[in-house]
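# Observations on the three-dimensional arrangement
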Protein chains: 4
Amino acid sequence: MYDFGLLNPVWAGTRAAELTSDTAFAQAMLDVEVGWCAAQVEFGTAPESITGAVAAAADIDDYDLVAIANATPDGANALIPLLSAMRDKVAEADPDAAVYVHRGATSQDIIDTALMLLAARVGNHALQQLKTSVHQLINLAEQHATTVMIGRSLDQHAQPISFGYRVSQWVEALGSAGQHLETVLNNLPLQWGGAVGTSTWWVDYFRAEQPETDPMALVNHQRDLLAEQLGLVAASVWHANRIPVTTVAQSAFQVVAAAAKLANDVLTAVQAEQAELAEPTAPGRGGSSAMPHKNNPVLSIRLKTAAQVAAGDLNTLHTGIIANTAERADGGWHTEWAAFRDLLRTTGAVTEILAELTAGLEVFPDAMRGNLEIHGNYLMLGRITQWLGPVVEAHEDIPQGTGKQLVQETCQQAIANGDDLAETLAAKLPEGVVSVSAVNKVLDPSGYMGGAASIVAEVNSRYRKWST
Amino acid sequence: MYDFGLLNPVWAGTRAAELTSDTAFAQAMLDVEVGWCAAQVEFGTAPESITGAVAAAADIDDYDLVAIANATPDGANALIPLLSAMRDKVAEADPDAAVYVHRGATSQDIIDTALMLLAARVGNHALQQLKTSVHQLINLAEQHATTVMIGRSLDQHAQPISFGYRVSQWVEALGSAGQHLETVLNNLPLQWGGAVGTSTWWVDYFRAEQPETDPMALVNHQRDLLAEQLGLVAASVWHANRIPVTTVAQSAFQVVAAAAKLANDVLTAVQAEQAELAEPTAPGRGGSSAMPHKNNPVLSIRLKTAAQVAAGDLNTLHTGIIANTAERADGGWHTEWAAFRDLLRTTGAVTEILAELTAGLEVFPDAMRGNLEIHGNYLMLGRITQWLGPVVEAHEDIPQGTGKQLVQETCQQAIANGDDLAETLAAKLPEGVVSVSAVNKVLDPSGYMGGAASIVAEVNSRYRKWST
Amino acid sequence: MYDFGLLNPVWAGTRAAELTSDTAFAQAMLDVEVGWCAAQVEFGTAPESITGAVAAAADIDDYDLVAIANATPDGANALIPLLSAMRDKVAEADPDAAVYVHRGATSQDIIDTALMLLAARVGNHALQQLKTSVHQLINLAEQHATTVMIGRSLDQHAQPISFGYRVSQWVEALGSAGQHLETVLNNLPLQWGGAVGTSTWWVDYFRAEQPETDPMALVNHQRDLLAEQLGLVAASVWHANRIPVTTVAQSAFQVVAAAAKLANDVLTAVQAEQAELAEPTAPGRGGSSAMPHKNNPVLSIRLKTAAQVAAGDLNTLHTGIIANTAERADGGWHTEWAAFRDLLRTTGAVTEILAELTAGLEVFPDAMRGNLEIHGNYLMLGRITQWLGPVVEAHEDIPQGTGKQLVQETCQQAIANGDDLAETLAAKLPEGVVSVSAVNKVLDPSGYMGGAASIVAEVNSRYRKWST
Amino acid sequence: MYDFGLLNPVWAGTRAAELTSDTAFAQAMLDVEVGWCAAQVEFGTAPESITGAVAAAADIDDYDLVAIANATPDGANALIPLLSAMRDKVAEADPDAAVYVHRGATSQDIIDTALMLLAARVGNHALQQLKTSVHQLINLAEQHATTVMIGRSLDQHAQPISFGYRVSQWVEALGSAGQHLETVLNNLPLQWGGAVGTSTWWVDYFRAEQPETDPMALVNHQRDLLAEQLGLVAASVWHANRIPVTTVAQSAFQVVAAAAKLANDVLTAVQAEQAELAEPTAPGRGGSSAMPHKNNPVLSIRLKTAAQVAAGDLNTLHTGIIANTAERADGGWHTEWAAFRDLLRTTGAVTEILAELTAGLEVFPDAMRGNLEIHGNYLMLGRITQWLGPVVEAHEDIPQGTGKQLVQETCQQAIANGDDLAETLAAKLPEGVVSVSAVNKVLDPSGYMGGAASIVAEVNSRYRKWST
């Protein structure tokens with residue numbers, strides 16, 4: 001009963017934290033054991049009569065998790081004491097039933113599978129939240145497909161974009177990460193192989209009981225029933241092949257990383273000096289009635305924090321995974337657990353925060369426009385030169401090869417003097433080369449966003465159906 | 001010219017190191033610029049006449065990479081000085097051609113795409129090496145499908161397995177990682193979007209030149225030609241959406257992690273006390289003529305080192321990626337480069353080492369058998385009890401519920417006394433319950449490997465075709 | 001109430017986990033607030049009368065931590081809701097007292113200081129455990145100062161050492177890490193600076209109240225009293241200078257890393273094939289009555305796991321730290337918390353495990369001697385040649401420059417033929433050059449341990465007094 | 001000849017890169033071998049006559065580093081082929097001298113010591129650069145001790161500070177990290193222990209040559225001479241006790257982390273919308289003549305990148321260190337090398353960048369003042385209420401307990417209406433309570449910086465002498 005989340009502002013109080021709590025994990029271990037009994041009954045290797053006794057031991061609320069935690073270090077895993085308690089409960093209800101519990105299985109089968117159940121449960125929750133977010137962002141992108149703002153490169157003013165285009169980049173990242181996660185969630189594997197992964201106990205059993213049949217065919221069939229019970233995919237044993245774990249973890253991290261990009265953008269934009277965006281306000285959050293200028297971007301801060309934490313979790317997981325050996329690792333495996341769970345939990349929390357942030361993000365087009373104008377027409381020099389250079393060059397009065405330079409120098413002088421750029425160009429360049437209105441049209445940043453709106457439409461169309 | 005690999009035993013002297021050297025990277029940047037000129041010519045936005053001048057600037061050996069490296073910090077990227085040198089070369093050959101070089105592109109387009117070219121080049125090399133390794137391992141697994149050895153859990157003796165089964169776990173991990181890598185390599189994306197990803201320069205250009213056509217359709221078409229030139233996939237811009245990078249990196253890491261598991265197993269097995277395996281010997285490697293007992297497992301040590309290094313690279317990459325912002329990151333992107341390259345390089349080197357190791361791994365079945373017997377029949381107690389318990393229980397002379405215990409106690413006493421287990425059981429248990437030969441059959445570890453051989457066959461069939 | 005430690009075999013059930021629980025952290029936050037009230041009273045800026053009301057709010061058991069956790073995300077820190085609850089309690093007891101609670105302080109002052117209190121509490125616990133371990137290891141080293149075993153390099157047989165020498169390397173690492181930790185614990189800093197670190201509120205206050213005195217002198221004096229209350233060192237504000245945090249964390253990691261080295265050595269030595277060491281047994285731990293060969297090295301596995309987890313925590317902490325900005329980070333700081341706490345907790349648990357492991361580590365000198373002999377006299381070839389080469393060379397019958405080679409060839413042939421090395425050399429070398437007994441003396445590995453015993457004595461003397 | 005730094009904008013072209021190049025590392029290995037010969041001569045265990053031959057092999061420019069790199073994987077270290085080449089060179093000059101080269105040493109002695117030499121060389125370079133930076137920052141802090149700007153918490157406007165105070169936080173972090181580094185550099189340890197750390201070869205030697213003396217006393221004395229030769233500290237062997245490595249690495253990282261904080265602050269402040277600072281400009285760096293608004297903060301971007309890279313290096317190093325075993329690790333040690341070198345190199349580069357950045361950082365006090373005013377008097381509400389609340393409360397016309405609220409409401413209404421706050425308060429509050437000028441004095445942010453200037457003076461005094 002150690003942690004409530006006081007040092008974890010990312011996930012404290014979230015649904016994701018509940019779905020990945022120790023209680024949820026222990027319940028998932030019970031679910032696997034119960035599912036295995038059911039699979040045996042279904043297959044005919046256990047009598048129907050055990051069902052009631054097993055069901056009577058299936059609710060984690062009936063267990064003493066503190067005691068189980070205290071006994072966890074003895075064998076360096078929590079299944080051992082949980083299983084012992086479960087067997088006692090089953091035996092109490094039906095002494096003959098206990099022998100079927102965990103029959104032929106090993107701790108790792110239960111723990112790995114339970115973690116995959118956790119991944120499924122919090123993963124599907126995350127997926128729903130993520131779809132909601134993407135849906136909200138698609139609408140936002142559409143709404144602001146032509147809302148002009150400055151695009152930033154190396155955090156410096158670069159060229160105009162639309163805010164919708166910026167949002168479409170979030171949509172693309174979150175949408176593709178979400179679709180990948182969905183595929184991964186649909187292929188979460190069962191772990192089932194017994195002590196060293198060869199199903200030895202059951203092969204022995206079936207060799208004795210059904211000597212005429214290939215025992216591994218029976219083993220695999222029975223395993224398939226368990227997979228179906230649990231909603232997982234029947235897979236080859238992966239006791240020491242941890243690619244299934246990295247696959248889930250890396251997919252989860254991609255969601256978190258995509259959210260972090262969005263959060264970083266919001267954190268920049270909500271600075272008082274930029275004020276292009278504001279996080280949605282909520283009672284008690286990030287603000288202060290006495291200091292109305294206070295609107296701490298806590299949602300984005302939590303997302304940014306989440307990404308830093310998740311990157312660390314993934315790293316820890318990888319450190320454990322590369323320490324794998326033989327048929328079960330001596331430490332590598334144990335290192336995975338908390339990191340994997342925290343990564344899942346963080347990912348789930350991220351999607352909850354994201355759904356809230358994207359539901360109410362405030363956009364200030366006037367501030368965007370204002371910021372865009374800070375460097376004035378300097379931003380446009382390239383465009384002007386690109387366009388006017390050849391025109392001037394082609395003029396008969398202009399010595400060959402000097403057109404581009406003439407335009408550049410004229411512009412820079414005008415800007416330096418604070419003169420109107422269009423009027424200066426119209427006046428200084430050979431007569432008739434260019435009109436004030438033509439220059440002003442080229443100087444309009446809202447016409448200088450390239451394919452921004454097209455990209456918004458394209459990206460939106462890619463994820464709209466998926467997100468609804 | 002800082003580094004030769006003296007501190008990098010993993011990749012010094014490998015083909016992978018060449019394929020990912022700074023020279024190779026700079027060549028890839030040139031290839032992108034050259035490809036872009038070719039795409040423009042093909043599309044009709046540049047004249048055919050530039051081809052020769054561009055070709056004259058296409059060989060990295062004609063550039064001064066030391067000077068380019070020294071200028072790299074000025075703009076915090078290497079493309080800027082390289083491009084300047086390239087433009088000079090092109091202009092020297094044909095002054096009119098230089099304007100088409102890099103037209104409408106941005107540094108990030110070139111650097112990101114060049115890194116994807118590097119990924120393709122070293123990746124395909126790695127894939128070939130990996131297939132060779134998997135092929136060799138498949139043969140090894142087949143050969144040793146029933147070679148009995150002890151399976152280890154938490155690095156302790158657990159239950160017998162076959163060495164072929166152990167190998168099949170390597171095959172499964174390397175094979176699935178390899179197939180995933182292959183898919184990733186077939187989908188490496190082009191990066192092409194200009195300063196802020198909106199192809200603004202070209203949209204302006206096409207709006208002026210072909211006002212009646214959707215400019216982004218023309219942009220996309222021209223971009224498709226470039227992708228084809230480079231053998232990459234035309235994709236949406238991913239300047240600040242780094243999921244394409246994580247996808248490649250995570251796939252590469254899976255290969256390395258799978259190799260590390262194999263190496264860890266070899267390192268355990270080549271210990272003098274186990275001596276179940278030996279690395280292939282080669283002149284000058286890991287051995288000593290004066291000390292013939294010396295056969296340092298340098299291949300496995302390099303693989304283990306590689307995994308620790310690669311996990312670190314991946315972590316650094318992720319740290320960079322979550323720091324992304326706006327249309328180009330101010331540091332996050334720069335952090336990616338060296339880590340991504342080192343990860344690719346390490347992965348390539350790993351596959352070279354692996355191909356060498358799996359080509360000549362020596363197997364000592366006698367030592368495997370000998371190690372298996374260290375704990376004697378203690379290993380078999382569970383199996384004996386499982387089998388004999390019910391038989392004894394069913395005997396009329398045995399009080400109900402005491403059969404299993406009788407078997408256990410009889411066995412433990414026999415083992416403790418050093419008595420022959422089969423003879424003791426036959427003598428101590430009620431007459432006729434069991435024969436010496438029946439017990440001895442059950443005590444044979446080679447009959448106690450569960451589905452080991454079946455799993456070997458199944459896994460081999462999954463990757464045999466792919467690996468050849 | 002999310003986590004009990006089911007996925008954390010390293011620390012579940014340990015005293016360290018209690019000392020670093022959310023409850024302990026929240027209590028530490030209360031302790032800081034209470035200490036600050038006391039400091040104000042002592043300094044004279046608050047009336048003595050508040051003491052009772054403050055004391056009435058000082059026990060964390062009177063707070064609803066679930067509610068506080070649920071409110072933590074609102075401001076992205078737990079102090080805000082805790083402080084609100086505390087103020088209510090104080091005000092209930094004495095409405096006039098509440099104004100002094102947290103006066104002039106900021107959340108970060110409390111959270112950072114509370115984390116340092118946690119570091120002090122679990123750190124001193126760890127230090128005691130560590131001293132116990134070092135003390136036990138010193139005795140072990142002394143006892144086995146001349147117990148010969150094979151030294152391993154790259155996990156291969158290299159040259160003989162004594163087990164005591166191996167232990168002395170553990171002593172050196174753990175002892176120096178422990179002494180460093182002790183220094184760090186004696187210098188844990190208070191954090192105290194108000195909203196932006198400049199103690200603005202109190203400077204305003206003192207300027208009004210004692211206009212003739214340098215307000216920062218008063219601020220610093222009052223801060224000194226708080227430091228004394230809490231047993232911390234008064235330090236310059238470090239809101240965004242996180243070196244104090246890295247200093248603690250890195251010191252803790254050194255302890256964990258030193259323990260990991262020991263654990264890795266134990267894990268190698270307890271393998272059935274080596275059997276040089278065994279972990280102490282305990283009821284219910286790592287063993288099985290039915291399988292007496294089972295003695296899973298769970299203590300070492302937990303230590304190895306701990307190191308992998310702690311390395312990850314440290315990495316996460318560093319990721320957070322380098323994201324620091326301005327007067328308080330927007331995410332970097334938040335990333336530190338859980339990682340820092342988990343690192344402290346893991347370190348504490350490591351020292352508990354270590355104390356248990358070193359109290360009962362079993363040593364098998366016969367197995368050590370047996371393993372040493374696996375490569376037979378090959379290990380001694382270098383020594384023999386080094387010693388006999390010049391002697392033979394000096395003999396009048398031996399052509400110049402061939403002595404060393406003659407010795408080598410004679411030895412290698414003898415070993416290859418399985419002949420007795422001493423007798424062969426005495427027979428094959430020129431008469432009188434060497435005697436059988438002289439060779440046998442050189443071949444005795446117990447005389448070939450260099451300064452092993454001296455090093456044991458030296459290292460032991462360095463840490464003996466400290467550890468008791 | 002793989003890498004020039006094209007993907008490493010942090011260190012390409014720096015002095016630090018040269019000081020840590022493979023060439024520099026190989027030279028350092030030679031220096032250790034040469035030093036060891038000299039120590040033997042000095043001690044009297046080698047003849048003076050070898051000096052010339054050894055000196056003839058002492059220059060790395062005479063070696064073929066490409067060939068040595070290619071041979072590095074054979075034994076998984078570079079010393080083996082380098083030593084072989086060195087011995088050939090020595091033997092060529094004096095056949096009798098070669099036997100003294102590397103006598104009684106092991107690869108790890110040379111490699112570890114050479115890396116410490118590298119640490120010393122680049123470390124002292126870094127220290128000088130760092131002192132220069134701190135000196136420059138001390139002047140900057142002094143100059144701007146009272147230049148008012150807004151302090152930021154969670155990247156939001158919090159309370160006014162002075163820019164000098166901000167700088168003093170950089171000084172404190174860089175100064176304390178620098179002082180720690182200096183201590184570490186003064187205690188860099190020699191590694192010297194032979195094959196398994198027990199100096200067995202030399203113990204044998206001295207036992208034969210000087211049987212009456214404690215051989216380890218002689219060994220230690222000879223080792224002291226080597227330490228003196230190399231400017232390192234004679235230390236107990238640390239082959240598998242890597243705390244000396246973590247100590248150096250962690251100290252280096254602290255420098256980098258302190259620089260990152262500064263860089264993050266600069267990156268925020270140079271945004272066009274804030275424009276409080278600008279990086280020094282230099283020809284060819286970060287700017288563009290065509291786009292004068294472009295001044296990419298490449299120095300800060302490089303510093304930020306450096307920190308992300310260095311955090312990764314440190315993590316990789318730690319991963320290697322916790323994999324240590326026995327008398328020399330099988331992979332853990334090898335993992336350290338490149339990470340340790342890159343961390344040293346990065347640290348050195350960071351100090352060069354920092355020295356350049358701090359030499360010419362431009363400060364714009366007007367912009368600071370302007371940004372501070374964005375939220376207008378909202379920032380001051382707390383201060384006004386704190387000050388006026390009790391005054392109003394004490395007024396006879398004011399009902400008890402309503403004073404504070406009256407002040408707050410009056411202020412908020414005035415701000416909301418855009419009225420002058422001082423005049424409104426003077427008018428709305430009971431007559432005589434407050435004057436316009438008194439309110440305006442309180443509203444002046446330059447009077448609301450708490451102990452900022454005092455802290456500047458205190459911090460400066462702490463590091464001024466050290467930095468010059």
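Owing to the predicted nature of the structure, the values given are computational and were not obtained by experimental measurement. (Residues numbered from 1 in each chain as written. Chains lettered and ligands numbered in written order. Predicted model: local features only at pLDDT ≥ 70, side-chain atom pairs only at ≥ 80, totals over all residues.)

Scanning chain A for helices and strands turns up 18 helices and four strands. The C-alpha radius of gyration of chain A comes to 31 Å, more than 25% above the 23 Å expected for a compact globule of 468 residues. Dimensions along the principal axes, computed over C-alpha positions, put chain A at roughly 105 × 60 × 35 Å. Within chain A, the fraction of its 468 residues that count as buried is 64%. Looking at chain A alone, contacts between residues at least 24 apart form 73% of all its contacts between residues at least 6 apart. (Helix = DSSP H or I, 4+ residues; strand = E, 2+ residues; numbered from the N terminus. Rg over C-alpha atoms; globule rule 2.2 N^0.38 Å. Buried ≥ 20, exposed ≤ 12 C-beta atoms within 10 Å, placed from the backbone. Contact = placed C-beta atoms within 7 Å.)

Turning our eyes to something else, we now look at the domain arrangement of chain A. Its domain assignment divides chain A into domain 1 (1-103), domain 2 (113-195 + 237-372 + 452-468) and domain 3 (376-434). Distance between the C-alpha centres of domain 2 of chain A and domain 3 of chain A: 46 Å. (Domains from an automatic or database assignment.)

Moving on, we get to unusual backbone geometry. Its identity is not glycine, yet B:Ser199 carries a phi of approximately 50 degrees, on the positive side. Structurally, B:Ser199 is set in the loop between α7 (163-185) and α8 (200-209). Residues other than glycine seldom take positive phi values, yet D:Ala275 does so here, at roughly 50 degrees. For D:Ala275, the location among the structural elements is in the loop between α10 (243-269) and β3 (277-278). According to the C-beta neighbour criterion, D:Ala275 is partly exposed, with 17 such atoms within 10 Å.

Let us look at the interface of chain A and chain C. On the chain C side, the residues contacting the 54 residues of chain A number 54 residues. Looking at the side of chain A that touches chain C, the elements that each hand over two or more residues are α2 (22-43), α4 (65-75), α11 (298-321) and α12 (332-360) of chain A. Among the elements that take part in the side of chain A that touches chain C, α11(A) stands out by supplying 13 residues, more than any other. In the side of chain A that touches chain C, the residues fall into 26 nonpolar, 20 polar and eight charged. (Nonpolar A, V, L, I, M, F, W, Y, C, P; charged D, E, K, R; others polar.)

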